Structures are given as C-alpha cells and as structure tokens.
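# Report on the structure
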Amino acid sequence: MKNTFRLLVIISIISHFSSLLSSCTTDAYDKGEGEYSQLRADFVEAHVGSDKRVDYVLTDDGDSLRTNPPFTVSWITTADTIYRALLYYNLQDGEVDGYNLSQVLVPEVKSASRFGSVVKTDPVYLQSAWRARSGRYLNLRLRVLTGDTKDGKTPRQVFGCVSDTLVKHEDGRSTLHLLLYHNQNGQPEYYSRDVYLSIPLAGVQADTVVMRLQTYEGEYSKAFY
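Residues numbered from 1 in each chain as written. Predicted model: local features only at pLDDT ≥ 70, side-chain atom pairs only at ≥ 80, totals over all residues. Heavy atoms only, no water.

### Observations regarding the overall build of the protein chain
The test is simple: A run of DSSP states H or I qualifies as a helix once it reaches four residues; a run of E qualifies as a strand once it reaches two. Both are numbered from the N-terminal end. Each accessible area is a Shrake-Rupley result for a 1.4 Å probe, and residues are judged covered by the shown protein chains and nothing else.
Within the protein chain, the secondary structure is distributed over two helices and 14 strands. If you sum the accessible surface of the protein chain, you get close to 12,100 Å²; carbon and sulfur atoms cover 45% of it.

This is how it looks when you write it as structure tokens:
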C-alpha cells in the first residue's frame, strides 16, 4: 500500500464551505436542534482504500476514527493512499458520519534554490496559524485575493515553503526559520477566498520552528515549539 501524501503546491483558489458557515446562523442551530448542532471540524489524515473511499481518518489530536459509511468526494482520484484534509463531521458512537471533506495543501519544505532565482512572497491575509498537537504539521489558514481575467485564462497562484535558515544555539538546541512562498502569478485581486495549508514537520530536525510570511499588513513571524 502506498502511504504517500498527494502534494498539491499549485492550485486554483476555490471557496471553502461558505454555504456551511452561513448555515450556522439559523435559529435551528442556535437552539441546538439543527443538522449542524453537533458538527465538528478537524484537520485529518484521511485514509483512502482500494475503492477510493475514505474508510478512516486520523485527527491532529491523535484520534483514529472509522467512517460509517465510507465515503468519497470528487477530488479523490488515487486509491490506497492518504490525503490531508479538513473534515466537517458528526461523531456517532465513536464513528465519523462525514459531512464535508476539503483537501488541504501540503507544500514540501524545500531550500530556496529549488524555487528558482526569485523567492516570491506576495502578500496574503493570515487568519490563524498553529502547530498540530501531534507536532507533525504547522497549519495555516490564509485568505487570498483572487479573480478571473477577461479572457478566461486565469493564472494559478502558487504556494510553497522555503527552508530559510537553521540556527544552532549554544545550549545545543536549534531553530529552523521557514518562509511562505506565494506567487500571485498575475491573478486579479477582486475578491477573497480561504486557503488551508499544512506544512509537514515530521522530517524537520529542529527544536523550534519560526514561520515567516508576508501579509497585507506587513511581515508576520512567529515561533512554534
């Protein structure tokens, strides 16, 4: 079985659950009586079986949950693999009753030289950043500006993660500085969309990770331990 992530670094920006979020303001939801009253949201590793259906997920809290019944979505194209995803679900008797699954970008951490002569740091809006409890990922929720060109040939934005500098301290500890690569690529900035990224840290040999990225408000930098 292949146990590899499908790494998508180049994407067309899509809307994430706008209809679902708007539903959370209904009276039925406020009273705890609606379809979404027990809905959870977790970043997961979704295991896909030979039939291209998600049969179980592993949450960032370390919980392994079976799906009942197994389900699939249109962007799942490879069998016997694992996808990084954002899952909205109900938990029924310890099992996942899947409601919506959206793929999360998993940009490989690469040296600056692998991005070519110029490391692009076009700005984004940062919504939140946190390290998964398992320590395996640094998760980013971004809002990017996007739009369509008049000729219909809309360029695609590009995301990546640059391994910038590794600092070794006198006490023997080390800090790895990461930089978000973002190439707007000429895409118009008419309206905003949410984008989720999970930067894999399993292979990072450092005690502390510092993430830097360029926002419309200025440079953001934060250490994660």
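From this point, things continue past the structure.
### Quick notes on the nonpolar core
Most often, soluble globular proteins keep nonpolar side chains buried together rather than apart. Spelled out, the test is: Nonpolar core, defined: a set of buried Ala, Val, Leu, Ile, Met, Phe, Trp, Tyr and Cys residues in which side-chain atoms within 4.5 Å join the residues together. Burial classes follow relative accessibility: with a 1.4 Å probe on protein chains only, a residue under 20% of its type's maximum area counts as buried, one over 50% as exposed, and anything between as partly exposed. We call two residues contacting when some pair of their heavy atoms lies within 4.5 Å.
In this structure, Leu140, Phe159, Leu178, Leu180, Leu197, Ile199 and Met211 are the most contacted members of the largest nonpolar core, which totals 23 residues. Of all the secondary-structure elements, those providing two or more residues to this core are strand E9 (137–146), strand E10 (157–168), strand E11 (174–183), strand E12 (191–200), strand E13 (208–215) and strand E14 (218–224). For this core, the leading source of residues is E9, giving four residues. When residues no more than four places from it in sequence are discounted, the contact partners of Leu140 are Leu126, Ser128, Ala129, Leu180, Val195, Tyr196, Leu197, Ile199, Met211 and Leu213. Judged by nonpolar contacts, the second largest core, of 14 residues, contains Ala46, Tyr89, Val96 and Leu101.

### Regarding the sheet that holds strand E8 (residues 125–131)
Rules: When DSSP finds two or more bridges between two strands, those strands count as paired. To get an axis, fit a line to the C-alpha atoms, keeping to the stretch in contact for a helix; angles then go from 0 to 180 degrees between the N-to-C directions.
Spatially, three strands are ordered E8-E9-E12 in an open sheet, and the strand pairing comes out antiparallel. Each edge of the open sheet is held by one strand with a lone partner, namely E8 and E12. Ignoring strand direction, the axes of neighbouring strands in this sheet form an average angle of 15 degrees. Inspection of the sheet shows E8 paired to E9 by six bridges, in the antiparallel sense.

### Overview of the pairing of E14
Direction of pairing for E13 relative to E14: antiparallel, over a ladder of seven bridges. The residue bridging Val209 from the neighbouring strand is Phe224, located in E14. Between E13 and the antiparallel strand that follows it, E14, lie two residues.

### Section: the pairing of E10
With three bridges joining them, strand E7 (residues 109–111) and E10 adopt parallel strand pairing. Residue pairing in the sheet places Lys110 in a bridge with Val162 of E10.

### As for the packing of aromatic side chains
Operational definition: Any pair of Phe, Tyr and Trp rings, taking the six-membered ring for Trp, is counted once the centres come within 6.5 Å. Such a pair is stacked with planes under 30 degrees apart, edge-to-face with planes over 60 apart, and tilted for the rest.
Under the definition given, this model contains five aromatic pairs. Relative to Trp130, the ring of Phe43 has its centre 5.3 Å away and its plane inclined at 80 degrees; by these criteria the two rings are edge-to-face. With Phe43 in strand E2 (residues 40–48) and Trp130 in strand E8, this pair connects stretches of sequence that are 87 residues apart. Overall, Trp130 belongs to the partly exposed group, its relative accessible area being 31%. A ring pair is formed by Phe115 and Tyr181, whose centres lie 4.6 Å apart and whose planes are at 25 degrees; its orientation type is stacked. Separated by 66 residues along the polypeptide, Phe115 in the loop between E7 and E8 and Tyr181 in strand E11 bring together distant segments of the chain. Like Tyr181, Phe115 is buried. One aromatic cluster in this structure is built from Phe43, Trp130 and Tyr196.

### Considering the pattern of salt bridges
The condition is simple: Every case where a carboxyl oxygen of Asp or Glu lies within 4 Å of a side-chain nitrogen of Lys or Arg is listed as a salt bridge.
Per the counting criterion, the structure on display carries nine salt bridges. Among the salt bridges present, the one from Glu95 reaches Arg66, with a minimum N-O distance of 2.2 Å. With Glu95 in strand E6 (residues 95–103) and Arg66 in strand E4 (residues 64–71), the pair connects residues that are 29 residues apart, well separated along the chain. Judged by relative accessible area, which is 46%, Arg66 ranks as partly exposed. Salt-bridge contacts for Glu108 lead to Arg114; the nearest nitrogen and oxygen are separated by 3.6 Å.

### A closer look at unusual backbone geometry
Going from Asn68 to Pro69, the amide bond is cis rather than trans, its omega being 0 degrees. Of note in this structure, Lys52 is not a glycine but carries a positive phi near 65 degrees. With respect to the helices, strands and loops of the structure, Lys52 is situated in the loop between E2 and strand E3 (54–59). The exposure class assigned to Lys52 is partly exposed, which follows from its relative accessible area of 37%. With a phi close to 50 degrees, Asp80 is a non-glycine residue in the positive phi region. Note that Asp80 resides in the loop between E4 and strand E5 (81–92). Accessibility expressed as a relative area gives 26% for Asp80, which makes it partly exposed.

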